[in-house]
Structure formats: structure tokens, C-alpha cells
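Fold and contact review
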Amino acid sequence: MDQIIQHKYIDIRGVKLHIAEIGTGPKVVVLLHGFPEVWYSWRHQMIALAAAGYRAIAPDLRGYGLSEPHPELEKASFSDFVHDTIAILDHFQIEKAFLVGKDFGSWPVFLLSLLHPTKISGVVSLGVPFFVPKPQRYQGLPEGFYISRWKEPGRAQTDFSRFDVKTVWKNIYILFSRSDIPIADKDKELMDMVDPSSPLPPWLTNEDLAIYTSLYENSGFESPMQVPYTSLLSKLGEFTITNPKVEVPVLLIMGGKDYFLKFPGIEEYVKSGQVKNYVDDLEIKFLADGNHFIQEQFPDQVNQLIISFFNQVVPDQD
């Protein structure tokens, strides 16, 4: 795969970012991963996009994989991912691009479409609709709710320290592959929710596990978890855009078995069409058996949806 996908490092905004890239030409797609992921989670999409005539760029977000962390970790925020993405476009002299985001990676993608609409051709979000963030959104969930647990200082580190990186990453991936929200019993930790004999999901190989493990051995978990978990609730109040309206075309791909659909109000928000109050040009596609890692679970279907959508927005120039 590395013979096809090229790797490089760029220095932007005080950190060195690792960039994976494949394809050439003026039609550019930037893909932003979630957790516990890195650029590698887009491997299937990158190859398909390049074959369809697109240039695909997938960074390890700052603090992830082979990218350097924020120099002052406690100050890291979603804004860093927004500004880093603009800096990546500027570095490569790209005037306009498509964006693909997954999990928390969809949030900077939507912010970019709000703050820099002239630089964005269209957006694909996997699993996460646009919504106005509300710190109280999670207040009705039990104490063992994974986000609540992971925002507690030192809680995740203590839990994870009982295992090697490979086991921790595998356990998180298995938890997130399930259709239920990860919620630990009061006297248990999240790592205790996965039986040690649990196999990898069928779409993930031992080679995939080894690559993810290697990249998380490099970064550790503290830096990757800072923005989406440790500082999440305190940072939600930073959203100050009045009457937000996403004006670029958006494709939302949801897995019918993604645990995020069970977050309070999310399924109704999407299926009732309320999400269109904020996104005029919105297409929604559900893959009934899809889960949180839909782009790895059903890569061919997801690739077809993404490429068809982009081709509709910008017809093939050949």
C-alpha cells in the first residue's frame, strides 16, 4: 500500500504534521479521521478516490499517529484542526477542496464549511450530522458513559495502564463497533467491558491491528484524547456562530447500527429532517447494517456514495 500512497511531513503552525497522499489533479479531497483512528482509516477511500480522478490527502491530525502534538496540550481545541486544515491547503496551494470527516473529524469539517465556504466544494460526513453543540446534551446519560469517564483527569490513563497499547486500541475499536453506547457499570472501567477473547471485527485484519498499534505506540493516547474527550465539554462553549447555516452541499452517511444514533435526540434529529434547518443542500444515506467504522466495514459502498456525490457536485472534467 505504501508503494501507492505517498507519505510526507509538513511544518505548519508550530507542529510537524504527517500527510498521506495519493492521486493528482485539481479535484482535491481532504479526509479528517476520528478516534481511535489515524490517516490509515481512510486507506480504502484514498485508493478509490485516486482511481476516480481525485487527489486524496489524509493527515494524521496533530497529536495523532506520526504528527506532533500540540505544544501546549491543555490548550488544544477543535479550532486547531480547522486552522491546520486551512494551512494544509495553503501549503499545497489548493484553492478549493472537498472535505470528508468521520466521528469528531466531522466537526472541524463542518466548522470549515461555515467559516471558509469559498474554499470548500462539498462535504461528506460519516456518522455525524451537523448540530449546534450543547454541553448539556450528555447530562441524561449514566455516570459510566465513556465521554464522561474519559474527561475525568487521569481516569483513562489509569484504566489503560493495565494493558499494552495493542489491547487498549483493540478494546476501544470493539466497543465502538457495537450498536450500544459504551457505558461502564459503576464499579467497572471501560476496558473491563471487552472480554479478552473477543475477536477483531471481520473487516479488520491482524495487519491492520499491527499498523494501528504501531501508530498509537508512537502517539500514546493522552494527546489524541485531549480534544474529543478530555477538554470536550469545556470547549463546546467556544461555539459562537450565530444562526449557523452550512451552505455547501453535504452528504451524510449513517450506519443504522452506529451507537451514535442512540445519543439523546440524534436519531430523531436526523430522521425527522430537523438537521435540514442548518443544512439546506443535504443528502442522507443510511446503510442499515453499518456501524461506527462504516468506511472500513463497507468500503465499496461508502466509496461509491462519496465518489458519486462528488461527481454530481463537480462533473468530471475529462
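Residues numbered from 1 in each chain as written. Predicted model: local features only at pLDDT ≥ 70, side-chain atom pairs only at ≥ 80, totals over all residues. Heavy atoms only, no water.

Put simply, the test is: UniProt positions are given in the numbering used here, feature names are shortened, and annotations may be inferred rather than shown by experiment.
With an unreviewed UniProt entry as reference, the chain is termed AB hydrolase-1 domain-containing protein, source organism Acer negundo. For the chain, the Sequence similarities (unreviewed entry) comment in UniProt is given as "Belongs to the AB hydrolase superfamily. Epoxide hydrolase family."

**Observations concerning the overall build of the chain**
Our working definition: Strands here mean DSSP runs of E at least two residues long; helices mean DSSP runs of H or I at least four residues long; both are numbered from the N terminus. Burial here depends on accessible area, computed with a 1.4 Å probe over protein chains only, as a share of the maximum for the residue type. Under 20% is buried, over 50% is exposed, and the range in between is partly exposed. A contact between two residues is defined here by any heavy atoms of the two lying within 4.5 Å. Residue exposure ignores everything except the shown protein chains as possible cover, and the areas themselves are Shrake-Rupley values with a 1.4 Å probe. The convention is simple: Lys and Arg are positive, Asp and Glu are negative, and His and the chain ends are not counted. All charge positions are set by atom: Lys at NZ, Arg at CZ, Asp at CG, Glu at CD.
Secondary structure summary: the chain contains twelve helices and eight strands in total. Each principal axis of the C-alpha atoms in the chain carries an extent, and together these give about 60 × 45 × 40 Å. Across the 318 residues in the chain, those meeting the buried criterion constitute 58%. Pairs at least 24 residues apart make up 77% of the contacts formed inside the chain by residues separated by at least 6 positions. In the form shown here, the chain has an accessible surface area of approximately 13500 Å², with 48% of it arising from carbon and sulfur atoms. Side-chain charges of the chain comprise 29 positive and 40 negative groups, with the mean position of each set lying 3 Å from the other.

**Examining the packing of helix α6 (residues 165–177) against helix α7 (residues 206–219)**
Test applied: In this description, a line fitted to the C-alpha atoms serves as the axis of each element, helices being fitted only across the stretch in contact, and the angle between N-to-C directions of two axes falls anywhere from 0 to 180 degrees. Should an angle lie under 35 degrees it is considered roughly parallel, over 145 roughly antiparallel, and from 65 to 115 roughly perpendicular; all remaining angles are considered oblique. Crossing handedness follows the turn of the near helix against the far one: under a right angle anticlockwise gives a left-handed crossing, and clockwise gives a right-handed one. Put simply, Ala, Val, Leu, Ile, Met, Phe, Trp, Tyr, Cys and Pro go in the nonpolar bin, Asp, Glu, Lys and Arg in the charged bin, and everything else, Gly too, in the polar bin.
At a minimum axis distance of 9 Å, the contact between α6 and α7 shows a crossing angle of 115°. With respect to α7, the axis of α6 lies roughly perpendicular. Our pair here, α6 against α7, has a crossing hand that is right-handed. Side by side, α6 and α7 meet where Val165, Lys166, Trp169 and Lys170 of the first sit next to Leu209, Tyr212, Thr213, Tyr216 and Glu217 of the second. Residues that form the contact of α6 with α7 fall into these classes: five nonpolar, one polar and three charged.

**With respect to helix α12 (residues 299–313)**
For the α-helix, the turn length of 3.6 residues means that residues three or four positions removed from each other point alike. In plain terms, the rule: What a helix should span is 1.5 Å times the count of its residues minus one. Our arc is simply the arc of the directions from the helix axis toward the C-beta atoms.
Its 15 residues place the ends of α12 21 Å apart at the C-alpha level, agreeing with the 21 Å of an ideal helix rising 1.5 Å per residue. Restricting attention to buried positions, one finds in α12 the residues Pro299, Val302, Asn303, Ile306, Ile307, Phe309 and Phe310. The buried residues of α12 occupy an angular sector of 160° when projected down its axis, which confines them to one face. Turned more than 90 degrees away from the buried face of α12 sit Asp300, Gln304 and Gln312, all of them exposed.

**Examining the pairing of strand β1 (residues 6–12)**
Short version of the rule: Strand pairing is assigned whenever DSSP detects at least two bridges linking the two strands.
Relative to strand β2 (residues 15–22), β1 runs antiparallel, the two sharing seven bridges. Looking at the pairing, Ile12 lines up with Val15 of β2. Taking the residues that link successive antiparallel strands as the turn, the β1-β2 hairpin has two residues, and the phi of Arg13 there is positive, at about 50°.

**Some thoughts on the packing of aromatic side chains**
Rules: Whether two aromatic rings pair depends on their centres lying within 6.5 Å, for rings of Phe, Tyr and Trp, where Trp uses its six-membered ring; planes under 30 degrees apart make the pair stacked, over 60 edge-to-face, and the rest tilted. Definition used: whenever NZ (Lys) or CZ (Arg) falls within 6 Å of the ring centre and also within 35 degrees of the ring normal, the charge is taken to sit over that ring.
Applying the stated criterion across every chain yields a total of 35 aromatic pairs. Summarising the aromatic geometry, the rings of Phe35 and Trp150 are spaced 6.0 Å apart at their centres and angled 80° between planes, so their arrangement reads as edge-to-face. With Phe35 in the loop between β3 (28–32) and α1 (43–51) and Trp150 in helix α4 (residues 146–150), this residue pair connects regions lying 115 residues apart in the sequence. Both residues of the pair, Phe35 and Trp150, belong to the buried class. Both rings, one in Tyr146 and one in Tyr229, keep their centres 6.0 Å apart while their planes meet at 65°; by these two values the pair is edge-to-face. Of this pair, Tyr146 sits in helix α4 while Tyr229 sits in helix α8 (residues 222–230), placing them 83 residues apart in sequence. Judged by its relative accessible area of 4%, Tyr146 is buried. A relative accessible area of 3% places Tyr229 in the buried class. The residue whose ring lies beneath Lys27 is Tyr54, and the NZ or CZ to ring-centre distance is 4.4 Å. One cation-aromatic arrangement involves Arg55 over Phe92; the distance from NZ or CZ to the ring centre is 5.2 Å.

**Some details on the nonpolar core**
Let me state the cut-off plainly: Nine residue types can take part in a nonpolar core, namely buried Ala, Val, Leu, Ile, Met, Phe, Trp, Tyr and Cys, and a core is a set of them joined through side-chain atoms within 4.5 Å.
With 111 residues, the main nonpolar core has Phe35, Met46, Tyr146, Trp150, Phe176, Phe263 and Phe310 as its most contacted residues. Not counting residues within four places of it along the chain, the set of residues in contact with Phe35 comprises Tyr64, Asp103, Phe104, Trp150, Ile172, Phe176, Tyr216, Phe221, Pro224, Met225 and Tyr229.

**Considering unusual backbone geometry**
In this model, Phe35 is joined to Pro36 through a cis peptide bond whose omega is 10°. Relative to the helices and strands, Pro36 is located in the loop between β3 and α1. One non-glycine residue, Gln93, adopts positive backbone phi at about 55°. Along the chain, Gln93 falls in the loop between α2 (78–91) and β5 (97–102). Residue class for Gln93 comes out exposed when judged on its relative accessible area of 74%.

**Considerations on the pairing of strand β8 (residues 282–287)**
In terms of strand pairing, strand β7 (residues 250–255) meets β8 through six bridges, oriented parallel. Pairing of Ile253 across the sheet is with Lys285, part of β8.

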